[in-house]
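# Secondary and tertiary structure notes
Here's the letter readout for the chains.
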Amino acid sequence: MTDMKPSLLARIVWRVACCVALLAPAAWSQDAGAFARYALGARDLGMGGALTADVFGGASPYHNPALAPMMPGQNLELSAGLLTMDRQLQSIQFASPLRPRAGIAAGIIRGGVSDIDGRDGAGNPTQTLSTEEYAFFIAFGLTFGERISAGFGLRLYRADLFDDVTPANSLGLSVGVTAKVTESLALGLAVDDLLARYAWDTSDAFTGGTSTTDRFPVRLRLGGAYQLNAGRGVLTAEVEVRARTVEARSTEVIFDGGTPVERATDTSLSLSSAQVRLGGEYWIAEPFGVRAGYDRLGVGEFGESTPSLGFALRQQIGELDARFDYAAQLEPFGNSLAHFLSLSVNL
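Remember, it's a predicted structure, so these values are computed and weren't measured experimentally.

A complete count under the given rule lists 24 salt bridges for this structure. The closest approach of N and O atoms between Arg 242 and Glu 240, which form a salt bridge, is 2.9 Å. In this structure, Arg 242 and Glu 240 share a single accessibility class: buried. Between Asp 295 and Arg 277 there is a salt bridge, with the nearest N and O atoms lying 2.9 Å from each other. Of this pair, Asp 295 sits in strand β13 (residues 288-297) while Arg 277 sits in strand β12 (residues 259-285), placing them 18 residues apart in sequence.

A few words now on the confidence of the model for the chain. Predicted confidence across the chain gives a mean pLDDT of 85, with 87% of residues reaching 70 or more. Ignoring residues within four places in sequence, the model shows residues 1-28, a span with pLDDT below 50, making 63 contacts including any to other chains.

Moving on: the nonpolar core. Formed by 30 residues in total, the largest nonpolar core has its most connected members in Phe 35, Tyr 38, Ile 109, Tyr 157, Tyr 198 and Phe 340. Of all the elements in the fold, those that place two or more residues in this core are α2 (42-46), β3 (102-119), β4 (125-144), β5 (148-160), β8 (197-201) and β16 (337-346). With near-sequence residues (within four places) excluded, Tyr 157 lies in contact with Phe 35, Ala 36, Tyr 134, Ala 135, Ala 168, Asn 169, Ser 170, Asp 193, Ala 196, Tyr 198 and Phe 216. By size, the runner-up hydrophobic cluster in this structure holds 10 residues, among which are Ala 53, Val 55, Phe 56 and Ala 225.

So, about empty space enclosed by the protein. Inspection of the entire model under this criterion finds four cavities of 30 Å³ or more. Estimated volume of the second largest cavity: approximately 190 Å³. Every residue lining the second largest cavity is counted, 19 residues in all, and those nearest its centre are Arg 37, Asp 44, Gly 49, His 63 and Arg 219. Contributions of two or more residues to the lining of the second largest cavity are made by α2 and β10 (218-228). Residues of the lining of the second largest cavity, tallied by class, amount to six nonpolar, four polar and nine charged.

Our focus in this paragraph is the packing of aromatic side chains. Considering all chains together, one arrives at nine aromatic pairs under this definition. Relative to Phe 136, the ring of Tyr 134 lies with its centre 6.1 Å away and its plane at 15°, an arrangement referred to as stacked. For Phe 136, a relative accessible area of 36% puts it in the partly exposed group. Ring pairing ties together the aromatic residues Tyr 157, Tyr 198, Trp 200 and Phe 216, which thus form one cluster. Above the ring of Trp 283, the side-chain terminus of Arg 314 is found at 3.8 Å from the ring centroid.

Conventions used here
Residues numbered from 1 in each chain as written. Predicted model: local features only at pLDDT ≥ 70, side-chain atom pairs only at ≥ 80, totals over all residues. Heavy atoms only, no water. Salt bridge = Lys/Arg side-chain N within 4 Å of Asp/Glu carboxyl O. Buried < 20%, exposed > 50% of the residue type's maximum accessible area, 1.4 Å probe, protein only. Helix = DSSP H or I, 4+ residues; strand = E, 2+ residues; numbered from the N terminus. pLDDT = per-residue confidence, 0-100. Contact = heavy atoms within 4.5 Å. Core = buried A, V, L, I, M, F, W, Y, C linked by side-chain atoms within 4.5 Å. 1 Å grid on protein atoms, 1.4 Å probe; cavity = no way out; pocket = protein on both sides within 12 Å on 5 of 7 lines; lining within 4 Å. Points joined across faces, edges and corners; volume = space filled by probe spheres on them. Nonpolar A, V, L, I, M, F, W, Y, C, P; charged D, E, K, R; others polar. Phe/Tyr/Trp six-rings, centres within 6.5 Å; stacked < 30°, edge-to-face > 60°. Lys NZ or Arg CZ within 6 Å of the ring centre and 35° of its normal.

Below you can see the structure in the form of structure tokens.
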């Protein structure tokens, strides 16, 4: 570690570079905790993330805690993303129904960026940097009658962005509900990341450092799912409304007794955005299924939307029912192609 402390400008440039590298290129995605909103496995990515109401396909309760009782059995899933710009994303989840009316799921998501070129205020190389973020989650759900379910989830976030800055930790809450309107149609509602925020104090690490709070966006998602051909497939769609508060700081120079003094003013800004997701899955034959999805419709320009394709293979391994999933997604403006692999085992 170099003894030279970066200037305030270098600190800002470094943090922005880390955010841009880890998150999607569009500005609307550059919110705290974006790694945990990318994808939880290849099925998620392949169906555009439109899983809020998917009570038919065994969607993860991470997307909606009310889905926990719908899990067909005890399930362990491992996933990894192959991303450009030295990004990594992995997850592990265990889910189980608690018969006759409940279900539970727990897991870990890890996101990171490696090989970041660190430089000081003069532009001279200092060291190679890396970042890591984690989300530990647990979701619990109950059914009420034959058609209604509700759930509650906890998420513990941890972000480690720089050696000299204390990692930030935060607790987020999520709630959800699903309802089967008919045997083939379901609706779902979920609210994510209530109370979640990162609090940073860089005063000891950087020249001109200060305390900062990065609030997570609160997401309200309303979705639907329609089962096809007696369980051979499912079509899904959802609308997400995202609200967040950001802190803006403006400075001005005033004169105190003839001496120029810089004065800073902090202002809170409330921002909101909306987007649409679409997805589908169809099992062509018992061991083979295909998926397609479209995410980020309605966000900025049309080129910012992200189409995806994927497939699944089922295979019986002894007493275990295993499923291999793959999905590829075109990132915004065609900058790169993200690949996800998942292995799911029903225990």
